[in-house]
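The lines below spell out each chain.
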Amino acid sequence: MQLETIELTSIVPILAKTHAASAEIRRLSDQQKKDILYRLAEVLVANTTQIIAENAKDLLRMDPADPKYDRLMLTEKRIADLAESMKDVANLNDPTGELLLSKELQNGLKIKKIAVPMGVVGVIFESRPNVTVDVTALCIRSGNAVVLRGGSDAFDTNTYLVSLIHDVLREFGVNTDAITLLPTDRAFVKELLTATRFVDLIIPRGSESLIQFVRQNSLVPTIETGAGVCHTYVEKTADLAKATEIVVNAKVSRPSVCNSLDTVLVDEAIAETFLPSLIEGFNKWNVEVFADSIAYKILAEAGFKSLQEATEADFGREFLDYKCSIKVVSGLEEALDHISKYSSRHSEAILSKDTDLCKRFVQEVDAAAVYTNASTRFTDGGQFGLGAEIGISTQKLHARGPFALEKLVTEKWIVEGDGQVRW
């Protein structure tokens, strides 16, 4: 059912139903949760043609030049990957019920601490229909119900995906209210953010403006999956052939995602050798470069055409496109200072043969993921062996990095007594 066809004055009744249905998800056995996810994977693949058809309706409403276009698009391969990711999540250990602590006090009380589901997880996201599938898989596996609030640009895709999910839940006799797709009307967002009685956690996934809006308006505890302003520092001892491949990969393999490279920092000792080596790879993908004065001169003299002089605004900028900024630095100190000033604390990398410098970089850079001699494009739940993720958390409380299965639980203390009282 398309929620937009119903006159709604409040989403509270919808949230109340999801909250009630969360008990059914909690009661599912480990095997039942696995079976549901495997069946969902089958259904996704079987309905690939129709998923792509619904996705095409959304794509028609978006300018192909919009950086969000690629994130919105579902292809046969991407759907197959989503199905495999769902199986990967099914095969992970159930994080609920894990015994975290057990002890007996002098008064005879037996105390245990166990991991339990959050309850109801609310996810607000833009343009990424894959989030609908990933979040559903993670929440079912961890025994949580979920409230999905996707953007209007992915309405048709999300509506159809949720209808498939509901079909599978019915097969297993599970209340479909456990996975809820909210209307896209922005008027209801604040209501979701203040529904402390029915929603236990809010996770925004999208633009910096969305994340800041949620942070400033939510009464429900929030996990920020922040924007990615990712740097790669090419230090003077780096293997330049490998560095060239890493930098080009980090920028062009999928520029619309948060772990793609935004700024290249290049040691001045190797700038004249290294920068021209990027031209072939950047030209192949029509990458536009915003360069500081030194990098601009080197690239211009080397014949690179897609070149602009960088302004202050080009550093600390998440491009989400075939664009990046380049700055030549005097060494590690300046690179660290630049990253400290402009980083969003998502993913940062150093390319160097100097192990001592690499260790210092890893110790001093404040980010969810720090790399030595590898592309930042690996910051991803699936790549880290977590099956899938809701997003990359750039904050420090409860979760940091890929927000995946093991973080969708909280703690419960169980105390067993035999008549003990406290005066």
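First things first, this report covers the structure right here in the doc.

The rules behind these values
- Residues numbered from 1 in each chain as written.
- Predicted model: local features only at pLDDT ≥ 70, side-chain atom pairs only at ≥ 80, totals over all residues.
- Heavy atoms only, no water.
- Salt bridge = Lys/Arg side-chain N within 4 Å of Asp/Glu carboxyl O.
- Helix = DSSP H or I, 4+ residues; strand = E, 2+ residues; numbered from the N terminus.
- Buried < 20%, exposed > 50% of the residue type's maximum accessible area, 1.4 Å probe, protein only.
- Core = buried A, V, L, I, M, F, W, Y, C linked by side-chain atoms within 4.5 Å.
- Contact = heavy atoms within 4.5 Å.
- Phe/Tyr/Trp six-rings, centres within 6.5 Å; stacked < 30°, edge-to-face > 60°.
- Lys NZ or Arg CZ within 6 Å of the ring centre and 35° of its normal.
- Arc of directions from axis to C-beta.
- Axes fitted to C-alpha atoms, helices over the stretch in contact; angles between N-to-C directions.
- Parallel < 35°, antiparallel > 145°, perpendicular 65-115°, else oblique.
- Left-handed = near helix turned anticlockwise from the far one by under 90°.
- Pairing = 2+ DSSP bridges.
- Right-handed = clockwise from strand over helix to strand, strands pointing away.

1. Quick word on the pattern of salt bridges
(1) Moving on: Considering all chains together, one arrives at 23 salt bridges under this definition.
(2) Moving on: A salt bridge links Asp156 to Arg61; the shortest N-O distance between them is 2.9 Å. Placement of Asp156 in helix H7 (residues 155-171) and of Arg61 in the loop between helix H3 (48-60) and helix H4 (68-72) is noted, with a sequence separation of 95 residues between them.
(3) Moving on: Asp156 sits in the buried class, given a relative accessible area of 13%.
(4) Moving on: Here Glu334 ties to Lys327 by a salt bridge, and the two come within 3.9 Å at their closest N and O atoms.
(5) Moving on: When its relative accessible area of 27% is taken as the criterion, Glu334 is described as partly exposed.
(6) Moving on: If you follow the salt bridges from partner to partner, you end up with Asp30, Lys34 and Arg141 in one network.

2. Things to note about the nonpolar core
(1) Moving on: With 69 residues, the main nonpolar core has Leu15, Val123, Leu148, Leu192 and Val199 as its most contacted residues.
(2) Moving on: Setting aside residues no more than four positions away along its own chain, Leu15 makes contact with Val147, Leu182, Leu192, Ala195, Phe198 and Val199.
(3) Moving on: By size, the runner-up hydrophobic cluster in this structure holds 30 residues, among which are Val234, Ala250, Ile270 and Val287.

3. With respect to the packing of aromatic side chains
(1) Moving on: Within the structure shown, the criterion is met by three aromatic pairs.
(2) Moving on: Seen from their ring centres, Phe290 and Phe319 are 5.7 Å apart, and the 20° between their planes marks the pair as stacked. With Phe290 in strand E9 (residues 288-291) and Phe319 in the loop between strand E10 (307-309) and strand E11 (323-329), this residue pair connects regions lying 29 residues apart in the sequence. Considered together, Phe290 and Phe319 belong to a single accessibility category, that of buried residues.
(3) Moving on: Here Phe315 and Tyr342 contribute two aromatic rings whose centre-to-centre distance is 6.2 Å and whose plane-to-plane angle is 50°, an arrangement assigned as tilted. Highlighted residues: Phe315 in the loop between E10 and E11 and Tyr342 in helix H14 (residues 332-342), separated in sequence by 27 residues. Both residues of the pair, Phe315 and Tyr342, belong to the buried class.
(4) Moving on: In this structure, Arg317 packs its charged tip against the face of Phe290, placed 5.1 Å from the ring centre.

4. Describing the environment of Phe384
(1) Moving on: The residue Phe384 is located in the loop between strand E13 (369-372) and strand E14 (391-393) in this model.
(2) Moving on: You can call Phe384 partly exposed: its relative accessible area is 39%.
(3) Moving on: Note: C-alpha distance between Phe384 and Asp185 (199 residues apart in sequence) is 35 Å.
(4) Moving on: Setting aside residues no more than four positions away along its own chain, Phe384 makes contact with Tyr371, Phe378, Thr379 and Pro402.

5. A few points about helix H13 (residues 293-301)
(1) Moving on: Listed as buried for H13 are Ala295, Ile298 and Leu299. One side of H13 holds all its buried residues, which, seen down the axis, span an arc of 90°. For H13, the exposed residues lying more than 90 degrees away from the buried face are Ser293 and Glu301.
(2) Moving on: The inward-facing, buried residues of H13 abut helix H11 (271-277), helix H12 (279-284), E9, E10 and E11.
(3) Moving on: Note on H13: the residue one or two positions beyond its end, Gly303, has a positive phi of about 95°.

6. Considering the packing of helix H2 (residues 30-46) against helix H6 (residues 130-141)
(1) Moving on: Contact geometry of H2 with H6 gives a least axis separation of 9 Å together with a crossing angle of 165°. The angle between H2 and H6 places the two elements in the roughly antiparallel class. Like other packed secondary-structure pairs, H2 and H6 cross with a definite hand, here right-handed. Across from Asp30, Lys33, Lys34, Ile36, Leu37, Leu40 and Leu44 in H2, the residues of H6 making contact are Val133, Thr136, Ala137, Ile140 and Arg141.

7. What about the pairing of strand E4 (residues 145-149)?
Consecutive residues of a regular strand have side chains that alternate between opposite faces of the sheet.
(1) Moving on: Extensive coverage of E4 is indicated by the burial of five of its five residues.
(2) Moving on: Pairing analysis gives five bridges linking strand E3 (residues 120-125) to E4, with the strands arranged parallel. Across the sheet, residue Val120 finds its bridge partner in E4, namely Ala145.
(3) Moving on: Pairing between E4 and strand E5 (residues 179-181): three bridges, direction parallel. Bridging from a neighbouring strand, Val146 pairs with Ile179 of E5.
(4) Moving on: In the classification by handedness, the crossover that spans E4, the intervening H7 and the parallel E5 is right-handed.

8. Concerning the pairing of strand E2 (residues 110-117)
(1) Moving on: Within E2, six of the eight residues are buried, which leaves the element mostly enclosed by the surrounding structure.
(2) Moving on: Across five bridges, the pairing between strand E1 (residues 99-104) and E2 is antiparallel. Within E2, the residue paired with Leu99 across the bridge is Ile114.
(3) Moving on: Here E2 runs beside strand E16 (residues 409-416); their pairing, made up of eight bridges, is antiparallel. Within E16, the position partnered with Pro117 by the bridge is Val409.

In short, the description is geometric, and any link to function would need to be established separately.
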